[in-house]
Amino acid sequence: MANDILSAATLADPRWAAVIGRDREADGQFVYAVRTTGIYCRPGCPSRPPKPENVTFYATPEAAAAAGFRPCQRCRPDTASLAVRQQAIISDLCRYIEQAEQPPTLAQLATRAGLSPHHLHRLFKASTGLTPHAYASAIRAGRLRQNLAQAANVTTAIFAAGYNSGSRGYAESDALLGMTPGAYRAGGARQEIRFASGACTLGYVLVARSERGLCAILLGDKPTALADDLEQRFPAAQLIADDGELAQQLAEVVRFVDAPKTGLDLPLDIRGTAFQQRVWQALRAIPPGQTASYSEIAERLGAPKAVRAVAGACAANALAVAIPCHRVVRSDGALSGYRWGIERKRALLAREAEE
Ligand SMILES: [Zn+2]
């Protein structure tokens, strides 16, 4: 019978599973229309699923409307989905913050978005991983970084970046640049980073130290490749191959990489954006022998949607093992990637799992 054929076609369509499961993740990917009612819906529509023989799939709401179907009153498939609308609001606010000379207040942002300040704050953080305030700070610090290269002096650069006071500019940028604005302007160029490499059970390890502490621990197969990696991470610094001064610290790091549970008692110079710093802090809170997924970390940061940003921060980590990005795995437990090679990740986790 014709109905059986129609039904079979629908049942065989992978989109049918999304309709039956009321999969809201599939919203925006297609709509389905129901012949008997003349109505089309989002996959996530809460109304009762139709009989498969009455269903036709359309790629867009426009296509369903062109075929003569009317939009469902419950799921409103003709309007952008809530998630899409919220994302549009947040990106608008991000552009607005980026273009403002002074960071806008939460009230100003809320008015612009047409949301309550509380709701906006929550939405912004869930989407970007940062509060609007932290986002504005990061933008301003980035501007300062640019200005420092061009402005006549440090103070001019700080005010031109939108800081109301010089001391504020100094304090905030210090955390981001890893040095004072003055030192950065001097080129960061003259900032000395000493490095040394040695063999460990995972191949080679390179240890680099600024005047503040260890700024890189890199793992690899060849010392030369590690030195190249270091240069890419600190292009402005003056890299000095160590002639023995670092021997003790190198030995400590080698011992630590071979037995991460023993801990590393050396000061670290951790450089990154405000969000990266928060991710790395969360990673350091995962005890040896345990793992967490990218989405768990995102949730712990109060930014459940920032999973990709979390993965990005893990990939940007310059301090192997000390910031244990190897303890982050996929939600299904699979190892996923590791900046220093999946085999090293496997070895580290196996080592930490041993009692
Ligand atoms: Zn509907």
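The structure this text deals with has already been given above.
A. Highlighting the packing of helix 5 (residues 106–113) against helix 6 (residues 117–128). Contact pair helix 5 / helix 6: the axes reach a minimum separation of 9 Å and the direction vectors enclose 90°. Judged on the interaxial angle alone, helix 6 and helix 5 are roughly perpendicular. The residues of helix 6 that touch helix 5, namely those facing Leu-106, Leu-109, Ala-110 and Ala-113, are Pro-117, Leu-120 and His-121. Per-class residue counts for the contact of helix 5 with helix 6 are six nonpolar, one polar and no charged.

B. Looking closely at the coordination of the zinc ion. At this site the zinc ion is bound by Cys-41 (SG), Cys-45 (SG), Cys-72 (SG) and Cys-75 (SG), with donor distances of 2.2 to 2.4 Å. One can describe the site at the zinc ion as tetrahedral: its four donor atoms subtend angles covering 104 to 122° at the metal. Site description for the zinc ion: donor spacing in sequence, C-x3-C-x26-C-x2-C. Here Cys-72 lies in the loop between strand 4 (70–71) and helix 4 (82–99) and Cys-45 lies in the loop between strand 2 (39–41) and strand 3 (55–58), a separation of 27 residues in the sequence. Judged by its relative accessible area of 7%, Cys-72 is buried.

C. View of the sheet that holds strand 6 (residues 203–209). Strand order in the open sheet made by the four strands is 7-6-5-8, with mixed pairing throughout. The two strands at the open ends of the sheet, each matched to only one other strand, are strand 7 (214–220) and strand 8 (238–241). Along the sheet, successive strands turn relative to each other by an average axial angle of 25°, direction set aside. Sheet topology places strand 5 (residues 192–200) next to strand 8; four bridges connect them, and they run parallel. Directly across from Ile-193, in strand 8, lies its bridge partner Leu-239. Running at roughly 50° to strand 5, helix 12 (residues 247–258) makes contact with strand 5, strand 6 and strand 7 of the sheet.

D. Spotlight on the packing of aromatic side chains. In this structure the tally under the stated criterion is four aromatic pairs. For the ring pair Tyr-58 and Phe-69, a centre distance of 6.0 Å and an interplane angle of 55° mean the geometry is tilted. Pair noted here: Tyr-58 is in strand 3 and Phe-69 is in the loop between helix 3 (61–66) and strand 4, with a separation of eleven residues, a long-range link. Its relative accessible area of 17% is what places Tyr-58 among the buried residues.

E. View of unusual backbone geometry. For Arg-22, which is not glycine, the phi torsion reads 45° and is therefore positive. Examined against the element boundaries, Arg-22 turns out to sit in the loop between helix 2 (14–20) and strand 1 (31–34). Positioned with a positive phi, Val-321 is a non-glycine residue whose angle comes to about 65°. Of note, Val-321 is situated in the loop between helix 15 (307–316) and strand 10 (328–329).

F. View of the sheet that holds strand 3. Read from one edge to the other, the open sheet built from four strands follows the order 3-1-2-4, with strand pairing classed as mixed. The outermost strands of the open sheet, each flanked by one partner alone, are strand 3 and strand 4. Of the pairings in the sheet, the one linking strand 1 to strand 2 comprises three bridges and is antiparallel in character. Bridge pairing in strand 2 places Val-34 opposite Ile-39.

G. Highlighting helix 11 (residues 223–233). Turning to helix 11, its buried residues are Leu-226, Asp-229 and Leu-230. Buried residues of helix 11, viewed axially, fall in a sector of 100°; they line one side. Turned more than 90 degrees from where helix 11 packs its buried face, Thr-224 and Gln-232 sit exposed. Next to the buried residues of helix 11 lie strand 5, strand 6, strand 7 and strand 8.

Analysis parameters
- Residues numbered from 1 in each chain as written.
- Predicted model: local features only at pLDDT ≥ 70, side-chain atom pairs only at ≥ 80, totals over all residues.
- Heavy atoms only, no water.
- Axes fitted to C-alpha atoms, helices over the stretch in contact; angles between N-to-C directions.
- Helix = DSSP H or I, 4+ residues; strand = E, 2+ residues; numbered from the N terminus.
- Parallel < 35°, antiparallel > 145°, perpendicular 65-115°, else oblique.
- Contact = heavy atoms within 4.5 Å.
- Nonpolar A, V, L, I, M, F, W, Y, C, P; charged D, E, K, R; others polar.
- Donors = N, O, S within 2.8 Å, 3.2 Å for Na, K, Ca; no water.
- Tetrahedral: all angles 85-135°; square planar, octahedral: opposite > 155°, others 65-115°.
- Buried < 20%, exposed > 50% of the residue type's maximum accessible area, 1.4 Å probe, protein only.
- Pairing = 2+ DSSP bridges.
- Phe/Tyr/Trp six-rings, centres within 6.5 Å; stacked < 30°, edge-to-face > 60°.
- Arc of directions from axis to C-beta.

By themselves, these observations are geometric and do not establish any function.
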